[in-house]
Amino acid sequence: MTVSEHAPFTATVLGLPRVGPRRELKRATESYWAGRLDAEQLHTVARDLRRTQLTELLAAGLDSIPVGTFSYYDQVLDTAVLLGALPERVAGIADPLDRYFAAARGTDTVEPLEMTKWFDTNYHYLVPEIGPETTFALHPEKLLAELSEAIELGVPARPVVVGPVTFLKLAKATGGAALDRLGELVPLYRDLLRQLAAAGAAWVQIDEPVLVTDLTADEIELVRRTYAELAEASERPAILVATYFGTPGDALPALASTAVEGIALDFTAALDLSAVASLPSLADKLLVAGVVDGRNVWRTDLDRALSTLGTLLGSASSVTVSSSCSLLHVPYSLEPETGLDEKLRSWLAFGAEKVTEVRLLATALAQGTEAIADDLAAARAAAESRTADPRLSDAQVRARLDSLGPDATRRAPAEERRALQAQRLDLPALPTTTIGSYPQTSAIRLARAALRKGEIDQAEYVRRMRAEIADVVALQEKLDLDVLVHGEPERNDMVQYFAEQLDGFAATENGWVQSYGTRCVRPPILFGDVTRRTPMTVDWITYAQSLTDKPVKGMLTGPVTILAWSFVRDDQPLADSARQVALAIRDETVDLQSAGIRIIQVDEPALRELLPLRAADQPAYLDWSVGAFRLATSGVSDATQIHTHLCYSEFGEVIDAIAGLDADVTSIEAARSRMEVLDDLNAAGFDLGVGPGVYDIHSPRVPSVEEITTSLRAALKAVPAERLWVNPDCGLKTRGPVEVEASLRNMVAAAKAVR
């Protein structure tokens with residue numbers, strides 16, 4: 001089979017968002033969980049969203065459209081269902097949809113799958129569990145149904161599935177390496193290809209982003225053999241293997257040596273363009289060139305993209321214009337963003353605009369640049385406007401950073417700080433606390449909406465938020481927690497809240513992006529140099545502290561996380577932006593300390609998330625990211641206790657960096673991973689305070705006293721009592737008040753029992 005046997009397409013994207021432009025799927029799914037919608041009603045909402053999206057992409061001029069990227073929760077979980085790899089503990093749930101959601105988020109009696117970050121993005125996937133008892137079996141009903149749905153609409157549909165190598169490399173295995181099971185999956189993928197061809201698919205996209213990570217020579221050979229075997233199948237669509245988020249390196253020639261018909265590459269990453277263009281084995285393939293950035297929101301430099309495409313034209317049988325990755329990672333459209341500064345708006349491209357850019361570039365390839373002359377002129381004008389904007393460079397903040405010496409990132413040795421803090425705080429052994437946020441009640445959301453609509457003034461909003469803070473403090477006092485928080489009712493999001501108060505950032509009105517399941521965020525846009533106008537949290541925290549004699553933590557978001565969960569500027573190194581944000585956070589910590597706050601938590605849950613995918617690039621990142629945190633936290637006295645929080649990533653690779661943060665206390669996700677992170681910390685000689693999460697807040701389960709007690713006793717085998725803290729895995733914003741109170745009551749009881 002050659003490319004010519006299946007007509008090559010010219011314009012596409014690698015994947016699509018699924019929550020709906022106004023989060024329709026989120027609301028429907030949560031209504032299903034609450035019993036307000038039945039399964040058929042949920043399926044109807046999902047079907048309508050898919051059909052609208054497909055017809056819009058067809059009208060936009062794409063001639064190959066991905067299908068099967070829709071998900072009720074997560075595409076890796078969908079792949080586990082496809083391959084019959086759900087854990088045995090959910091097998092007893094008869095209804096397939098409820099079984100699926102039980103694996104995703106658990107039930108009162110079933111623990112969910114572990115969740116972690118999808119490569120170096122802020123999207124979370126569910127980690128498959130592969131054990132000796134796992135028996136793979138193909139269940140392609142969902143993918144076939146969505147393919148049929150698209151074909152009925154006249155859509156040139158390209159089914160998309162996570163590839164077998166990526167699926168197994170991301171899985172958690174017991175009883176041997178997951179990749180050892182690859183031979184069992186290849187026949188299932190061959191059968192899937194046969195069924196997709198029979199259902200009318202001309203092309204299939206198999207996503208293998210793991211190819212852009214460090215693979216051994218043996219693993220690369222497994223990739224080659226796997227795709228050689230899949231390409232040998234006589235009854236199949238043409239195969240497009242998609243890589244993204246980086247360069248596949250030595251995996252590319254291995255993959256190109258097989259008979260797959262197409263390869264998708266991310267040309268917004270640091271790909272060696274000349275090496276790709278000179279690869280002889282691409283000559284008979286379709287090269288899908290990801291020249292439109294699917295992860296960031298800046299307008300594409302059309303001239304540069306056309307230059308890249310021109311270089312590639314002679315290297316492959318055909319060249320297709322594409323997004324670099326799925327559009328899952330950017331908002332749907334700029335259209336509703338009427339509140340953005342017009343100049344800034346002209347620099348941006350969200351999902352719909354990126355689709356337009358793909359079509360424009362494909363048109364230029366086919367018809368010449370004259371066909372898009374007006375669009376090229378508009379793109380050039382926007383780029384010139386951005387370069388000349390004075391907000392991109394603040395001489396004062398740059399001079400201040402240049403003047404900082406090495407002492408700006410140093411505090412006294414941990415033992416000295418520990419003695420001072422113990423005397424000042426006088427906490428019991430195994431002190432209990434929470435991570436920061438408490439449930440965002442309907443009263444909080446209504447107050448925020450009323451302020452936005454002008455129905456209440458700022459003074460009334462503050463009064464309502466103070467009432468919420470008082471309730472949260474009273475609840476924590478009643479539960480007898482040792483270190484309290486103010487609950488963050490005033491914060492819409494832990495990053496957006498700060499970005500809205502820092503110069504250099506802009507917020508969107510409807511720029512929602514899926515983080516996991518039904519959890520969506522609106523990442524701010526970092527477009528210029530960062531400065532803090534006024535204190536951002538001091539009034540809220542000092543009010544909470546005035547209500548109790550117990551210490552209340554000042555709650556801040558760290559510089560790395562603010563960057564990771566924003567759309568960042570692409571015109572300067574990320575390290576430079578991190579230092580600017582760190583300086584603003586440093587000023588806030590000093591103001592909190594001056595106001596009498598004795599504990600300040602600077603959260604860095606995204607520390608692992610931004611870790612480069614290639615080992616060779618990681619030391620430089622860890623150096624500047626740790627340095628930014630220490631710059632943010634080293635302006636306070638040694639008697640002020642600095643906490644940080646890390647969650648939902650595999651932390652083994654950054655354990656030394658976690659120690660390097662030099663936070664007095666680090667709270668860290670551990671419940672779903674069953675305290676595994678403590679072994680990594682011990683292996684690294686970690687000797688600071690640590691709070692391994694003792695219950696999973698991403699599940700509605702209320703953990704029993706016995707369950708938490710067991711977790712604490714396991715933790716005490718790795719961490720001495722004088723350094724162990726007791727806390728949930730993460731903030732409680734997304735949970736309900738009833739389950740939160742019950743869970744925290746059990747947590748406090750368990751801590752007292754173990755004391």
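All values derive from a computational prediction rather than experimental measurement. Just so you know, the residues in each chain are numbered from 1, in the order the chain's sequence is written. Where local features are concerned, this predicted model is filtered to residues with pLDDT of at least 70; where side-chain atom pairs are given and counted, the filter is 80 or more; whole-chain, interface and lining totals use all residues. Hydrogens and waters are ignored; side-chain quantities use all the structure's heavy atoms.

### A word on the overall build of the protein
Then comes step 1: When you go through the protein residue by residue, the secondary structure sums to 27 helices and 21 strands.
Then comes step 2: To get the radius of gyration, use the C-alpha atoms; to get the globule rule, take the number of residues to the power 0.38 and multiply by 2.2 Å. On C-alpha atoms alone, the protein measures out to a radius of gyration of 26 Å, which is about the 27 Å that the 2.2 N^0.38 rule sets for 755 residues.
Then comes step 3: Seen along its three principal axes, the alpha-carbon backbone of the protein occupies a region of about 75 × 60 × 50 Å.
Then comes step 4: Partly exposed describes any residue whose relative accessible area lies between the buried limit of under 20% and the exposed limit of over 50%, with all areas from a 1.4 Å probe on protein chains only and scaled to the type maximum. Burial status across the protein gives 60% buried among its 755 residues. Going along the chain from the N terminus, every DSSP run of H or I of four or more residues is numbered as a helix, and every run of E of two or more is numbered as a strand.

### Here we look at the pattern of salt bridges
Then comes step 1: When a carboxyl oxygen of Asp or Glu is within 4 Å of a side-chain nitrogen of Lys or Arg, the pair counts as a salt bridge. Throughout the structure, instances matching the rule amount to 44 salt bridges.
Then comes step 2: Here Arg50 makes a salt bridge to Glu149, at a shortest N to O gap of 2.7 Å. Pair noted here: Arg50 is in helix α2 (residues 39-59) and Glu149 is in helix α5 (residues 141-152), with a separation of 99 residues, a long-range link. For the pair formed by Arg50 and Glu149, the shared burial category is buried.
Then comes step 3: Residues Asp214 and Arg614 are paired through a salt bridge, measuring 3.3 Å at the closest nitrogen-oxygen approach. Remark: Arg614 occurs in the loop between β18 (599-603) and α23 (618-633) and Asp214 occurs in the loop between β8 (203-207) and α8 (217-232); sequence separation between them is 400 residues.
Then comes step 4: Here the residues in one salt-bridge network are Arg411, Arg417, Arg630, Asp662 and Asp664, joined through shared partners.

### Observations regarding the UniProt feature "binding site: Zn(2+) 1" (unreviewed entry) in the protein
Then comes step 1: UniProt positions are given in the numbering used here, feature names are shortened, and annotations may be inferred rather than shown by experiment. UniProt feature "binding site: Zn(2+) 1" (unreviewed entry): in the numbering of this structure it lies at His645, Cys647, Glu669 and Cys730. Spanning 86 residues, the named residues nonetheless gather at one spot, since no C-alpha pair among them exceeds 8.4 Å. Of the annotated residues named above, the ones that line the largest cavity are His645, Cys647 and Cys730.
Then comes step 2: Residue position: His645 is located in strand β19 (residues 641-646). Using a 1 Å grid laid over the protein atoms alone, points where a 1.4 Å probe fits but cannot get out form a cavity; open sets with protein on both sides within 12 Å along at least 5 of 7 lines form a pocket; any residue with an atom within 4 Å of a point counts as lining.

### Some details on the packing of aromatic side chains
Then comes step 1: Ring pairs shown here join Phe, Tyr and Trp side chains whose ring centres sit within 6.5 Å, with only the six-membered ring taken for Trp; geometry is labelled stacked below 30 degrees between planes, edge-to-face above 60, and tilted in between. In the structure shown here, the tally under the stated rule is 14 aromatic pairs.
Then comes step 2: Geometrically, the ring pair formed by Phe9 and Trp203 is edge-to-face, given 5.4 Å between the ring centres and 85 degrees between the ring planes. With Phe9 in the segment before β1 (11-12) and Trp203 in strand β8, this residue pair connects regions lying 194 residues apart in the sequence.
Then comes step 3: Pairing Tyr244 with Phe245 gives two aromatic rings, centres 4.8 Å apart and planes at 85 degrees, and the pair type is edge-to-face.
Then comes step 4: When its relative accessible area of 9% is taken as the criterion, Phe245 is described as buried.
Then comes step 5: An aromatic cluster is built from Tyr32, Trp33, Phe70, Tyr72, Tyr73, Tyr100 and Phe101, whose rings are joined through pairwise contacts.
Then comes step 6: Taking NZ or CZ as reference, Arg23 lies 3.6 Å from the ring centre of Trp512, over its face.
Then comes step 7: It is Arg386 that lies over the ring of Trp298; its NZ or CZ is 3.8 Å from the centre. Charges are assigned to positions over rings by a cutoff of 6 Å between ring centre and Lys NZ or Arg CZ, combined with an angular limit of 35 degrees from the ring normal.

### With respect to the sheet that holds strand β6 (residues 157-162)
Then comes step 1: Ordered in space as β1-β12-β11-β10-β9-β8-β6-β2, the eight strands form an open sheet in which the pairing is parallel. Here the strands that pair on one side only, and so sit at the sheet edges, are β1 and β2 (65-67).
Then comes step 2: Bridge count between strand β9 (residues 238-242) and strand β10 (residues 262-266): three bridges; the pairing is parallel. Paired with Leu240 across the bridge in β10 is Gly262.
Then comes step 3: Only heavy atoms matter for contacts: two residues are in contact if any of them lie within 4.5 Å across the pair. To obtain an axis, a line is fitted to C-alpha atoms, over the contacting stretch when the element is a helix, and the angle between two such axes runs from 0 to 180 degrees between their N-to-C directions. Along the sheet, helix α7 (residues 182-198) contacts β6, β8 and β9; its crossing angle with β6, the most-contacted strand, is approximately 165 degrees. Paired strands, as defined in this entry, are two strands with at least two bridges between them according to DSSP.

### What to know about the environment of Asp576
Then comes step 1: Of note, Asp576 is situated in helix α22 (residues 574-594).
Then comes step 2: A relative accessible area of 37% places Asp576 in the partly exposed class.
Then comes step 3: Between the C-alpha atom of Asp576 and that of Arg225, which follows or precedes it by 351 residues, the distance is 43 Å.

### Notes on helix α14 (residues 373-388)
Then comes step 1: Between the first and last C-alpha of α14 there are 23 Å, a value that for 16 residues agrees with the 22 Å anticipated at 1.5 Å per step.
Then comes step 2: Three or more residues of α14 are buried, namely Leu376, Ala379, Ala382 and Arg386. End-on, the buried residues of α14 take up no more than an arc of 125 degrees, which puts them together on one face. The outward face of α14, more than 90 degrees from its buried face, is lined by the exposed residues Asp374, Glu384 and Ala388.
Then comes step 3: Buried residues along α14 sit against α11 (302-312) and α12 (342-346). Expected helix span is computed as 1.5 Å times (number of residues minus one). To be clear, the arc concerns the directions from the helix axis to the C-beta atoms.

### Remarks on the packing of helix α1 (residues 24-33) against α2
Helix-helix packing: each pair is described by the crossing angle between the helix axes and the interaxial distance.
Then comes step 1: The N-to-C vectors of α1 and α2 enclose an angle of 170 degrees; their axes lie 9 Å apart at closest approach. One element, α1, and the other, α2, form an angle in the roughly antiparallel class. Judged by residue contacts, Glu24, Leu25, Ala28, Thr29 and Tyr32 of α1 engage Ala39, Leu42, Val45, Ala46 and Leu49 from α2. To sort the angles, those under 35 degrees are grouped as roughly parallel, those over 145 as roughly antiparallel, those from 65 to 115 as roughly perpendicular, and the leftovers as oblique.

### Comments concerning the sheet that holds β18
Then comes step 1: Within the open sheet, the five strands sit side by side as β17-β18-β19-β20-β21. Their pairing is parallel. The open sheet is flanked by β17 (553-557) and β21 (689-692), the only strands paired with a single partner. The mean angle between the axes of side-by-side strands here comes to 20 degrees, regardless of whether they run parallel or antiparallel.
Then comes step 2: Relative to β19, β18 is paired through three bridges, and the arrangement is parallel.

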